[in-house]
Amino acid sequence: MSIIAPGAAVPDLSLKREDFTDFTREDLLGHTTVLVFYPFAFSPVCTDQLQLYEEALEDFAAQGATLYGVSTDSVWAQKAFKEKLGVTIEQLSDFEPKGEVSRAFGAYFEPGGMTNRALVIVGPDGVVRWSHLAESTGDLPGVGLIFDGLAASAVA
């Protein structure tokens, strides 16, 4: 399976927020969203990735983009991860049914039973504007890649 392509409508989705409320497709409408799919809370590359993105949040906001972290970790693990790192990026759990949303976006790594490392930019209309799937779960997509995606999606 490959990552969801630009031009595709975002599928129906239901992820859990930290307070156990649902985050759905409707939450994506009206603004530019960057979904940051990552494998595991507390893993070294994921830790570095979220800390790096946290440092650039003001720059993302200046471009009108909101970031969300998405993994197949439980809400509790994500909450502890967020608190331990001291980041403000909202975490969305794709825990149960495990990986259902990640699969719909082409961001699930079946052999590992986890979310792959991927980035998906969704426009205010709920259409995918740009997407990236890392070659391996050990690759850390830098901040510049997201800015490149935002620039590319602005002309799309």
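Here the structure is shown first, and the text comes after it.
To keep things clear, this report deals only with the structure shown in the data block.

Calculation rules
- Residues numbered from 1 in each chain as written.
- Predicted model: local features only at pLDDT ≥ 70, side-chain atom pairs only at ≥ 80, totals over all residues.
- Heavy atoms only, no water.
- Helix = DSSP H or I, 4+ residues; strand = E, 2+ residues; numbered from the N terminus.
- Rg over C-alpha atoms; globule rule 2.2 N^0.38 Å.
- Buried < 20%, exposed > 50% of the residue type's maximum accessible area, 1.4 Å probe, protein only.
- Contact = heavy atoms within 4.5 Å.
- Salt bridge = Lys/Arg side-chain N within 4 Å of Asp/Glu carboxyl O.
- Phe/Tyr/Trp six-rings, centres within 6.5 Å; stacked < 30°, edge-to-face > 60°.
- Lys NZ or Arg CZ within 6 Å of the ring centre and 35° of its normal.
- Expected span 1.5 Å × (residues − 1).
- Arc of directions from axis to C-beta.
- Core = buried A, V, L, I, M, F, W, Y, C linked by side-chain atoms within 4.5 Å.
- Polar contact = N/O pair within 3.5 Å; in protein donor to acceptor, adjacent residues only side chain to side chain.

Moving on, we come to the overall build of the protein. In terms of regular secondary structure, the protein is built from 5 helices and 9 strands. Counted from the first residue to the last, the protein has its helices and strands arranged as β-β-β-α-α-β-α-β-α-β-β-β-β-α. Since a compact globule built from 156 residues should have a radius of gyration of about 15 Å, the 14 Å found for the protein is in line with a globular shape. Across its three principal directions, the C-alpha atoms of the protein cover 35 × 30 × 30 Å.

A separate point is the environment of Pro44. Among the structural elements, Pro44 can be located in helix α1 (residues 44–55). Its relative accessible area of 62% is what places Pro44 among the exposed residues.

Summarising the element assignment, Leu150 is placed in helix α5 (residues 143–154). For the pair Leu150 and Trp130, spaced 20 residues apart in the sequence, the C-alpha separation amounts to 7.7 Å. Filtering out sequence-adjacent residues up to four positions away, Leu150 remains in contact with Thr32, Val34, Phe60, Gln63, Ala65 and Ile121.

Below, the discussion takes up the pattern of salt bridges. Per the counting criterion, the structure on display carries 6 salt bridges. Asp22 is the salt-bridge partner of Lys16, the closest N and O atoms lying 2.4 Å from each other. The exposure class assigned to Asp22 is partly exposed, which follows from its relative accessible area of 39%. Lys82 is the partner of Glu18 in a salt bridge, and the nearest nitrogen-oxygen pair spans 3.5 Å.

Summed over the entire model, instances satisfying the criterion amount to 6 aromatic pairs. With 5.2 Å between their ring centres and 55° between their planes, Phe20 and Trp76 make a pair best called tilted. Residue Phe20 is located in the loop between β1 (14–16) and β2 (22–24), and its partner Trp76 is located in helix α3 (residues 75–85); the two are separated by 56 residues in the primary sequence. Judged by its relative accessible area of 41%, Phe20 falls in the partly exposed class. Seen in terms of ring centroids, Phe60 and Phe147 are 4.7 Å apart; in terms of plane orientation they differ by 25°. Their pairing is stacked. Of the two residues, Phe60 is situated in helix α2 (residues 57–62) and Phe147 in helix α5; the sequence distance between them amounts to 87 residues. Connected via pairs of aromatic rings, a cluster forms that spans Tyr38, Phe42 and Phe81. Sitting over the ring of Tyr108, Arg103 keeps its end group 3.9 Å from the ring centre.

A few words on α1. Over its 12 residues, α1 extends 17 Å from the first C-alpha to the last, a length consistent with the 16 Å expected when each residue adds 1.5 Å. Of the positions making up α1, those classed as buried are Cys46, Thr47, Gln49, Leu50, Tyr53 and Glu54. Down the axis of α1, the buried set is contained in an arc of 165°. They therefore lie on one face. Residues of α1 that are exposed and angled more than 90 degrees away from the buried face: Pro44 and Glu55.

We now examine the nonpolar core. Core analysis: the largest hydrophobic core is formed by 21 residues, its most contacted members being Val34, Tyr53, Phe60, Leu67, Phe81, Ile146 and Leu150. Put simply, the parts of the chain that give this core at least two residues each are β3 (32–37), α1, β4 (65–71), α3, β8 (118–122) and α5.

What follows is about the side chain of Ser71. Looking at the secondary structure, you find Ser71 in strand β4. Side chain to side chain, Ser71 and Asp73 meet in a polar contact 2.8 Å long. In this structure Ser71 touches Tyr38, Pro39, Gln78, Leu92, Ser93, Asp94, Phe95 and Thr115, once residues within four positions along its chain are discounted.

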